[in-house]
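# What the coordinates show
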Amino acid sequence: MTVSTQAQQRQAAPAPADTDTDTDTDTVWDRLADAANPAHYRPKRQNGLIWRELRSARGEEYVVVQNPDAATYRKITMAEFYLFELMDGSRSVQDLVVAYMMKYHRFALPLVLRLVRNLKVGQMLTDPPRFVFGPLGEQLRHRPVSSFATGFAKSFVRREFPLHGLDGLVGRAYDRGVWVLFTRPAKIVMFAVAVLGVPLLAWSLSSSASGLADQSLVVTVPTLYGCLLVVAVLHELAHAFAAKSYGRVVRRGGLSIFYGSPGMFVDTQDMWMEPRGPRMVSAWAGPFSGFVLAGLSGIVLVATPDAPWAAVVAIFGTAALAVNLAQLTPLIQLDGYYMLMDWLELPNLRARALGFVRGELAGKVRRRERFDRTERVLTIFGLAAAAYTGYVLVLAAGFAWVRAKTMVSDAVAVPSLGRVLAATVVLLLTLPLLYVLGQRLWRGGSSLVVASRRLRRLAAERRYRERVAVLANVPPVADLGKAYVQWMARRTTEKVFRAGTMVVAPDEVAEVFCLVLSGEAEVVESGANAGTGPGAGSALPTLGPGDYFPPPGLPRSPLTVRALTDVHVLRLAGADFSDRLAPLLARRAENDTRADERAELEGFALFDGLRTRDKDTLLAHLRARSCVDGEVVVAEGDPGSAFYLVRSGAVTLTQTCADGPPRTLGAGDFFGESALLHDEPHAATATSVGGTRLWELDRTTFDDVVCRYFGLSHAVRASAEADEAARAAEALAGTVAGRWLEIEVGDPAPEFTLDTVSGPSPVSLSDYRGQVVMLWFSRGYNCPFCREYMARLAPAVGDFERAGVQILQLAPNLVDSAREFWRDKDLPFPFLCDPEKSAYRLCGLQDIGAGEAQRNSVRGFTRAFTTGQGRTTMHALWLDVVNPSIGERLGHHTMTAMQQGVFLVGPDGVLRRKYVFGPLDEPPSNTELLEAAVELGSIELATTQLEAGS
C-alpha cells in the first residue's frame, strides 16, 4: 500500500489539445447549453488531497481519497482512480470517457458521471456541490407542526454536540504514556483480565456478595449515572487512542443523543485510510475497554468483598459490562455495526442497505434477477436493520409514554408545582415523538397496503404470463391464434385435485377443458359404477404434464378423469368451453386428422396418380385398425375378404411350406391383394410385429372403388407380380454375393419409428428411403464402450457421407434423459431412442440374460473408472434410471444384456449387410464398414443384371 499527495502522481495520459471553438458570435443560449451539458464539464481535483492504495481481503485493489480540510473520504476502484488522476481541469467528461475506452476498451459514460458526482459531493473537486432540491423543499414545506415534530424525532434518534480540536490533546496523552497500553504485553494482560474477571463479576453479582441490593435508590441512581458517564468517557477514549496508535487523526468528539439516550462520541473516520484489520481494531477497542473494566471490577469484588466501596465497584462493573455488550449490536450505528461494516468492506452499509430495500429490491424480486454477494448482504442487513430500528423506536416511545403518564398521574394526585412542571416538560418532549411515530406508522401501513395490492396485481400478471406461455405450447390451442391463447389465459382457473379424486365427472365431459400442469391422471371409460373405486371403468390414456383433456381420438362413450397423484390443472368450463372453444377444437382436430391421413396416404406409391379429391374419397372408405405385437391379421388359408395397407409398424408374412426367412412389410406396403384379385385364400399368415397400424378395405369397396372407379386393378396386379419377381431376384442375388449375405440378408428392413434427441418429430427408417443407411444398435450413452466407439466413428462421418451412407445410432434410452445428457454436445449423427427395444427385436437382436448383464456392468464400471469416464458414466446412469420409470429402467440395466449390431440397408429398403456381436464385443472398424458400403454398389449392379436377364 502507498500513500500519495498531489505532489506524488502517477504518469497520467497526456492532456488533450484545447478544442474549444467558442467565438464572439456565441449567444448566451449557446453558452448556457454548453454549461448544462455534462459531457462538457471539466472536473479538477482540489489541492492538498491525500490518497492511499489498499487491498481488500479478496485481493481487490482500491484507493481511499481524503480531503483533510473538509474531512471527507471517498473509496474508488483502480479504474476510477485512473480517471481521478486525469482530472486536472484540462479534460472534459467526454475526454475522460475516451481515455477510459482507450485503456479499458469499454464505453463508461455512466461510470464517469457517477464518479464525478461522487467526488463533487465529497468536496474532492474545486467547484463545491450545490444542493438545490433539499433547501427548496424545506422552503416549500408549509407544515410547521410536522416540520418541528420531524426535526425533534431526528434529534431524538441521533444528535451530536461536538467539540473540535481534540486531536492535539489526544495525541499528547497518547505520547505521554497511553501508548504503553497498546504494546503486546499490555494487550495480553488486559485480555486475561477481561477473560478471568467478567465471570468473577457475574458470580459476585449473582451471590449478592457486594451488598448492592442493600443500597437505597438515593445512592444507587446517582452512582449508576456517574459510572455510566465514566464508562462512556473511557469507551470513547479507547477508540481515540486506538486510532492514534495507527497515526490517524481524531478531529472531534463530544456529547450525543442516540435513540433518546445521552452518550458520547469521537470521530475516528480517519481510520478509512487504513486497511480492514486496523479499522476493526479501532472499532473493537471501545467494547474491549468495557470488558477490561468489568473484569477489573470482578477481580476487585472477589478480592475485597466486604470493602466499603464494593457496592460502587459492582455498579461500575455492571454498567461497563452492560453498555459494551449493547455496543456489539450490529443493526444500529454502534461499534458492532462498524466492525461488521469493516469486515464486509462495505462503506455506509446501513444507509446503502436501507436504500436498496426501499428502492431496488422490489424490482429485482419482480424480475426474478439473481442477487450478487453485495446485494444479498444489503437485502439481509437492510430488512433486519429496519425491523430492529422500528423495534427500538417503539420501545423507546413506549418507555417515554409510560414515564410521562406516571408523572402526570402523580402530579394530578399530589398537587406539587415541581411535579406539574416535570410532567409538562415530559409531555412536551414525548408528544412530538409520538406524533411523528404515529405519522410514520400510518405512512408505513398505507405503503404496506399499496404494496400488497401491487404484489397481488403483479402476482396476477405473472400467473397470466405463465398461463399464456403454457397454453402457447398446447398445439390445438396455439393453432387458434394469439388472441384465443390470451383469452383462455384470462378465463381458465387453476385447481389442485388430490390423488384418487375425480378431476372430470362424466356429466362434465362435454363442457370442460383441462390442461395438466403437474401430476398424473387417468382417463376412464365410465360404466355403471364409474368413479367408485380404482377398478371402476376401463382405463384409456394416462395424462401427464402438458397433456390435455379431451385429447383427440377418444371414444364418444361417457368418460371420466381420475387423479392418480395430486394433480394441478388449468380448467376452462361451462359456456366458455362448450360454446366457444369446443367447436373450434373439434373442427381443428377433424382437419388435423384428415390432413395426417392424407399425408400417410401420400406414402403409398400405389395411389400416386390419384387427385386430392380422389384420395379424400378413398379415405372415407378406409377403416383403421390397430394391432398389438404378435397379433395375427390374417391366417394362411383364410378366405380373401379385405385389402390391407400398412400405415406404421411392420407385418411379417410366413408360409408353412416355404423355405427362407419370412417377408417383412413396412409403412407404405400392402398385402391381401392377390387373394382378392384371384379370388383365392390367403397364401401367407400376416402377423403384427410391435405396434402396427393398418387400413382395411373390404372386398366390395376394393372392387368398386379401387379397381373400377379409380381403375387401379392393373397397377395392383403389376405390383404383386413385380414383388414376387423381386423376391426371386433377391434370393438369386444372395447366392451370387458370397459370404456377406446370411439368411436374413435380402429381406426388407423392418420399418420402425423412434424419437430422436435432436428433433421434436419422430424419425422412421422409411424417411431415408433412397440412400444407404447404417443402423448401429448400441447399448446407449451410459455405456463407456459405446461412447468410445462413437468417438472413433465420428471422424469418419464425412467419408460415409461421401459414400452415400447415413448413420443412425439406436439406443435403449429414454428420450428425455438422452436429450438432457447430450444437451450441450454436438452429435455426429442422429441418436434414436428405443427404450422398449422394439426395433432391436424386429432385427433379431437377442437378450443374453441377467448373468451377462451383471458381468457387463462390472466390466463397464471398470472401463469407466480406469479411463477417466467414471463421472460421466454415473451421470448417465442417474439420468437414465432416476425417473418416473425407475423400476423398469433399473431392471433394464441389471437384468438385460442386448446384443449389438450394425446393419447396412440399401436405398431400396432391403437389408444388405448384417453384423451381430455381443454387448461389449468390439464393433466392426470404420474401414471394414466403408468397404462394405462401397461393395453394396456391386451387389446392386449384380441384381440389376439378373433382373435384365430374367
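Predicted model, so just to flag it, every value in this text is computed and none were measured.

## So, the pattern of salt bridges
Applying the stated criterion across every chain yields a total of 28 salt bridges. Among the salt bridges present, the one from Asp270 reaches Arg248, with a minimum N-O distance of 3.0 Å. Residue Asp270 is found in the loop between strand E7 (261–266) and helix H10 (276–303), and its partner Arg248 is found in the loop between helix H9 (217–245) and strand E6 (252–258); the two are separated by 22 residues along the sequence. For the residue pair Asp270 and Arg248, the accessibility class agrees, reading buried in each case.

## Observations concerning the sheet that holds strand E10 (residues 512–518)
Strand order in the open sheet formed by 4 strands is E8-E15-E10-E13, and the pairing between neighbours is antiparallel. In this open sheet, the two strands that pair with only one neighbour each are strand E8 (493–497) and strand E13 (548–549). The pairing of E10 with strand E15 (residues 567–573) spans 6 bridges and is classified as antiparallel. Within E15, the position partnered with Leu515 by the bridge is Leu570. Packed on one face of the sheet, helix H18 (residues 482–491) meets E8, E10 and E15 and runs near 110 degrees to E15.

## A closer look at the sheet that holds strand E28 (residues 911–917)
One open sheet accounts for 7 strands, arranged E23-E22-E26-E25-E24-E27-E28; its pairing is mixed. Edge strands, defined here as strands with exactly one partner in the open sheet, are strand E23 (763–764) and E28. Two elements, strand E22 (residues 753–756) and strand E26 (residues 831–833), share 2 bridges in a ladder whose sense is antiparallel. By the bridge assignment for E26, Asp755 is matched with Cys833. Relative to strand E24 (residues 772–777), helix H24 (residues 784–793) is tilted by about 155 degrees, and along the sheet it contacts E24, strand E25 (805–811) and strand E27 (900–905).

## Points about the side chain of Thr652
Tracing the sequence through the fold places Thr652 in strand E18 (residues 642–654). Relative accessible area serves as the criterion here: at 16%, Thr652 is assigned to the buried category. Not counting the four nearest positions on each side in its chain, Thr652 is found in contact with Arg663, Thr664, Thr685, Ala686, Thr687 and Val689.

## Looking at the packing of H10 against helix H12 (residues 335–344)
Helix packing geometry: the angle between the two helix axes and the distance between the axes. The geometry of H10 relative to H12 is characterised by a closest axis approach of 9 Å and an angle of 170 degrees between their N-to-C directions. Classed by the angle they form, the pair H10 and H12 counts as roughly antiparallel. Relative to H12, H10 is oriented so that their crossing is left-handed. Every residue of H12 that contacts H10 at Arg276, Arg279, Met280, Ala283, Trp284, Gly286 and Pro287 is listed here: Asp335, Tyr338, Met339, Asp342 and Trp343. Counted by class, the contact of H10 with H12 contains 7 nonpolar, 1 polar and 4 charged residues.

## Section: the environment of Val377
The residue Val377 is located in helix H15 (residues 373–413) in this model. Linking Val377 and Ala353, residues 24 residues apart in sequence, is a C-alpha distance of 7.9 Å. Excluding residues that lie within four positions of it along the chain, Val377 makes contacts with Leu344, Leu346, Leu349 and Gly382.

## Some thoughts on H10
In this model H10 runs 40 Å from its N-terminal to its C-terminal C-alpha over 28 residues, within 8% of the 40 Å that 1.5 Å per residue would give. Taking the largest bend as the criterion, H10 deviates by roughly 35 degrees, centred on Ala285, and proline Pro287 comes between one and four positions later.

## Observations concerning the UniProt feature "transmembrane region" (unreviewed entry) in the chain
Mapped onto this numbering, the UniProt entry gives "transmembrane region" (unreviewed entry) at residues 188–205, 217–242, 281–303, 309–332, 377–400 and 420–438. Each end of residues 188–205 is marked by a C-alpha atom, and these two atoms are 26 Å apart; helix forms 100% of the span and strand 0%. Taken end to end, residues 281–303 is 100% helix and 0% strand, and its two terminal C-alpha atoms sit 31 Å from one another.

## Let's talk about the confidence of the model for the chain
Mean pLDDT for the chain: 77, with 76% of residues reaching 70 or above. For the chain, per-element mean pLDDT is lowest for strand E1 (residues 2–5), which scores 43, and highest for helix H2 (residues 78–86), which scores 93. Between residues 528–539, whose pLDDT stays under 50, and residues either more than four places distant or in other chains, the model counts 16 contacts. Within the model, the stretch residues 728–743 combines pLDDT values under 50 with 19 contacts to residues more than four positions away or in other chains.

## Digging into H24
Of all 10 residues that make up H24, 7 are buried, and the element is covered over most of its length. Buried residues of H24: Pro784, Cys786, Arg787, Glu788, Tyr789, Met790 and Leu793, and no others.

## Description of the packing of aromatic side chains
This structure, assessed with the given rule, holds 21 aromatic pairs. Seen in terms of ring centroids, Tyr100 and Tyr104 are 4.7 Å apart; in terms of plane orientation they differ by 35 degrees. Their pairing is tilted. Of this pair, Tyr100 and Tyr104 both sit in helix H3 (residues 93–104), 4 residues apart, roughly one helical turn. Here the aromatic rings of Phe604 and Trp695 are separated by 6.3 Å at their centres, their planes lie at 45 degrees, and the arrangement is tilted. Here the residue Phe604 occupies a position in the loop between helix H19 (575–602) and helix H20 (612–621), and Trp695 occupies one in strand E21 (residues 685–698), the gap between them amounting to 91 residues. For the pair Phe604 and Trp695, one class covers both residues: buried. A network of ring pairs unites the aromatic residues Tyr781, Phe821, Trp822 and Phe831 as a single cluster. Here the basic side chain of Lys120 rests over the ring of Tyr41, its NZ or CZ set 4.4 Å away from the ring centre.

Basis of the calculations
Position numbers for residues count from 1 along each chain, tracking the sequence in the order it is written. Local features in this predicted model are restricted to residues whose pLDDT is 70 or higher, and side-chain atom pairs enter the listing and the counts only when it is 80 or higher, whereas totals over whole chains, interfaces and linings include all residues. Think of the side-chain values as coming from all heavy atoms in the structure, minus any hydrogens and water. Counted as salt bridges are all cases of a side-chain nitrogen of Lys or Arg within 4 Å of a carboxyl oxygen of Asp or Glu. Strands are runs of DSSP state E lasting at least two residues, helices are runs of H or I lasting at least four, and both sets are numbered from the N terminus onward. Buried means the residue's accessible area, taken with a 1.4 Å probe over protein chains only, is under 20% of the maximum for its type, while exposed means over 50%, and partly exposed covers the values in between. Strands were regarded as paired on the criterion that DSSP finds at least two bridges between them. Residue contacts are defined here by distance: any two heavy atoms, one from each residue, within 4.5 Å place the two residues in contact. Only the stretch in contact is used when a helix axis is fitted, and all axes are lines through C-alpha atoms; the angle between N-to-C directions ranges over 0 to 180 degrees. Under this scheme an angle from 65 to 115 degrees is roughly perpendicular, one under 35 degrees roughly parallel, and one over 145 degrees roughly antiparallel; angles in between are oblique. Helix crossings get a hand from a simple test, with the near helix turned counterclockwise from the far one by less than a right angle marking a left-handed crossing and a clockwise turn marking a right-handed one. Classes in brief: Ala, Val, Leu, Ile, Met, Phe, Trp, Tyr, Cys and Pro nonpolar; Asp, Glu, Lys and Arg charged; the others, Gly included, polar. To estimate the expected span of a helix, count its residues, drop one, and scale the result by 1.5 Å. Across the chain, bend at a residue is computed as the angle between axes fitted to the seven residues ending at that point and the seven starting from it. UniProt positions are given in the numbering used here, feature names are shortened, and annotations may be inferred rather than shown by experiment. For every residue, the predictor reports its confidence as pLDDT, a number between 0 and 100. Aromatic contacts are taken between Phe, Tyr and Trp rings whose centres are within 6.5 Å, Trp giving its six-membered ring; a plane angle under 30 degrees counts as stacked, one over 60 as edge-to-face, and the others as tilted. By definition here, charges over rings are those cases where NZ of Lys or CZ of Arg is within 6 Å of the ring centre and within 35 degrees of the ring normal.

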